[in-house]
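Analysis of the macromolecular model
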Amino acid sequence: MVKHRGYSQRVLVTGGAGFLGSHLCERLIERGDEVLCVDNYFTGARRNVAHLMASPNFELMRHDVTFPLYVETDRIFNLACPASPVHYQYDPVQTTKTSVHGAINMLGLAKRTGATIFQASTSEVYGDPSVHPQSEDYWGNVNPIGPRACYDEGKRCAETLFFDYHRQYKLPIKVARIFNTYGPRMHPSDGRVVSNFIMQALKGEPITVYGEGQQTRSFCYVDDLIDGFLRFMDTGPEHSGPLNLGNPAEFTILELAELIIELTGSTSTIQRHPLPQDDPRQRRPDITKARALLDWEPRVPLRDGLERTIAYFRKNFFD
Ligand code: NAD
Ligand code: UDP
Ligand code: UDP
């Protein structure tokens, strides 16, 4: 095993038993870090990290980040927060608490330990954007009282806290704005579009396209995203972000549905459903900054990433 920089770091990953967190823990263990994975299992699960349990460098702890946490660490990746609209709207007050109180506790922990802290922020801070593609200097168009606000405004407030701790206490921070990411270990009933469409296609059920399906998203394969996380964390303390991380290839939801039907060889048909309130009409990251700073670029095209994700869903839920 090759250790980076010749020594290992103690890394805390909150939300580490979730979709992105489990991939991140895996990569950190592979490169020789000591990982403390903290999760309350709201949307994550122990099985996502079960393959890491045998490693002496991996530790798993049930904990809710809205409560204080006293541990020693060199780096923190703060990912704890439900990410799918279905899950974050299930208990919206808890979603805001997780984003805001969770950020305060993890920032307090970083301040006490001197750790560098990474925040999993989101393209949702741009809301239903009037600037396209979205670059980091766009301030966004978010409805502060709508059903998505618990997530969008929670994440915006977390960004504010990160930058205030940075200015006030000189804390090294890394704020990444993540765009729609998909891959193995997404929860099958997670409600997000990629997992919904794949599960529906594999079951031969109708594919639920919301609205006309002309709204767009840009989908990043999980391995590419985690690569971006690690590169960003390894930059010097002068690089705080915010930094967009995502794949700029943009597709309509209808195009995604048709591609998934083709790749699964499904007989499913497309069924229209009402468009949810405040659903962003378009989304595509401008990744000029990430390209320059990290020498990073997503490599996995949608078709390849979907094939790998479909294989995972088939193996785990249909074999
Ligand atoms: P996920 O739901 O699979 O993972 C979130 C994890 O956080 C879960 O394991 C969940 O149990 C845990 N969690 C939730 N509330 C918690 C709490 N109060 N205390 C401790 N743990 C808690 O979602 P994901 O896709 O892996 O997203 C991870 C992070 O990345 C989230 O912060 C999300 O907002 C952000 N993000 C993800 C995407 C994406 O497309 N996947 C896009 C933008 C931002
Ligand atoms: N905190 C924590 N772990 C630590 C240090 C602090 O969870 O190791 C929490 C603590 O409960 C506090 C929050 O982080 O509520 C913010 O800490 P900070 O030092 O900024 O504020 P203060 O303790 O002065 O309110
Ligand atoms: N969507 C859809 N059918 C579904 C789930 C989602 O048409 O079964 C649409 C949704 O309205 C949105 C897009 O797909 O326009 C992405 O939705 P998702 O919940 O994955 O993420 P987000 O809206 O947070 O980008």
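Remember, predicted model here, so these are calculated numbers, not experimental data.

A few words on the overall build of the protein chain. The helix and strand tally for the protein chain stands at nine helices and 13 strands. Here the C-alpha atoms of the protein chain give a radius of gyration of 19 Å, agreeing with the 20 Å that 2.2 N^0.38 yields for 319 residues. Referenced to the eigenvectors of the C-alpha coordinate spread, the extents of the protein chain come out at roughly 55 × 45 × 40 Å. For the protein chain, contacts bridging at least 24 residues in sequence account for 81% of all contacts bridging at least 6.

Let's shift gears to the pairing of strand β4 (residues 75–78). Here β4 shows two buried faces, one formed by R75 and F77 and the other by I76 and N78. The pairing of strand β1 (residues 10–14) with β4 spans four bridges and is parallel. Counterpart to V13 in the pairing with β4 is F77.

In this model, the protein chain carries an average pLDDT of 96, and 98% of its residues clear a pLDDT of 70 or more. Both confidence scores are given for the complex: pTM 0.97, ipTM 0.98.

Let us look at the site of ligand 1. Within the structure, ligand 1 sits among 28 residues, and G15, G18, L20, T43 and G44 are positioned closest to it. At the level of elements, α1 (19–30), α3 (92–113) and β5 (116–122) are the ones that each hand at least two residues to the shell around ligand 1. Examining the composition of the shell around ligand 1, we find that three residues originate from one element, α1, more than from any other. Tallied by class, the residues present in the shell around ligand 1 amount to 13 nonpolar, 13 polar and two charged.

The next thing to look at is the sheet that holds β4. If you walk across this open sheet you meet the seven strands as β3-β2-β1-β4-β5-β6-β11, and the pairing is parallel. Sheet topology places β3 (58–62) and β11 (243–245) at the edges, where each strand pairs with a single neighbour. Adjacent strand axes in the sheet meet at a mean angle of 20 degrees when their direction is disregarded. Pairing of strand β6 (residues 173–178) with β11 involves three bridges; the strand directions are parallel. Bridge pairing in β11 links I178 to L245.

With 21 residues, helix α4 (residues 149–169) extends 28 Å between its outermost C-alpha atoms, agreeing within 8% with the 30 Å of an ideal straight helix rising 1.5 Å per residue. Along α4, the residues that are buried comprise A149, C150, Y151, D152, E153, G154, K155, R156, A158, E159, F162 and Y165. Those residues of α4 hidden inside the fold are in contact with α2 (85–88), α3, β5 and β6. Just past α4, the residue K170 takes up positive phi, approximately 60 degrees.

Right, let's talk about the site of ligand 3 for a bit. Taken together, 14 residues sit near ligand 3, with R192, V193, N196, T208 and Y210 positioned nearest. Top contributing element to the shell around ligand 3 by residue count: strand β8 (residues 207–210), with three residues. Taken together, the residues that form the shell around ligand 3 break down as six nonpolar, five polar and three charged.

A few words now on the pairing of β1. For β1, the buried fraction is high: four of the five residues fall into the buried class. Pairing geometry for β1 and strand β2 (residues 34–39), over five bridges, is parallel. Bridging from a neighbouring strand, L12 pairs with L36 of β2. As a crossover connection, the stretch from β1 through α1 into β2 is right-handed.

Reading the values: rules and limits
- Residues numbered from 1 in each chain as written.
- Chains lettered and ligands numbered in written order.
- Predicted model: local features only at pLDDT ≥ 70, side-chain atom pairs only at ≥ 80, totals over all residues.
- Helix = DSSP H or I, 4+ residues; strand = E, 2+ residues; numbered from the N terminus.
- Rg over C-alpha atoms; globule rule 2.2 N^0.38 Å.
- Contact = placed C-beta atoms within 7 Å.
- Buried ≥ 20, exposed ≤ 12 C-beta atoms within 10 Å, placed from the backbone.
- Pairing = 2+ DSSP bridges.
- pLDDT = per-residue confidence, 0-100.
- Near = placed C-beta within 6 Å.
- Nonpolar A, V, L, I, M, F, W, Y, C, P; charged D, E, K, R; others polar.
- Axes fitted to C-alpha atoms, helices over the stretch in contact; angles between N-to-C directions.
- Expected span 1.5 Å × (residues − 1).
- Right-handed = clockwise from strand over helix to strand, strands pointing away.

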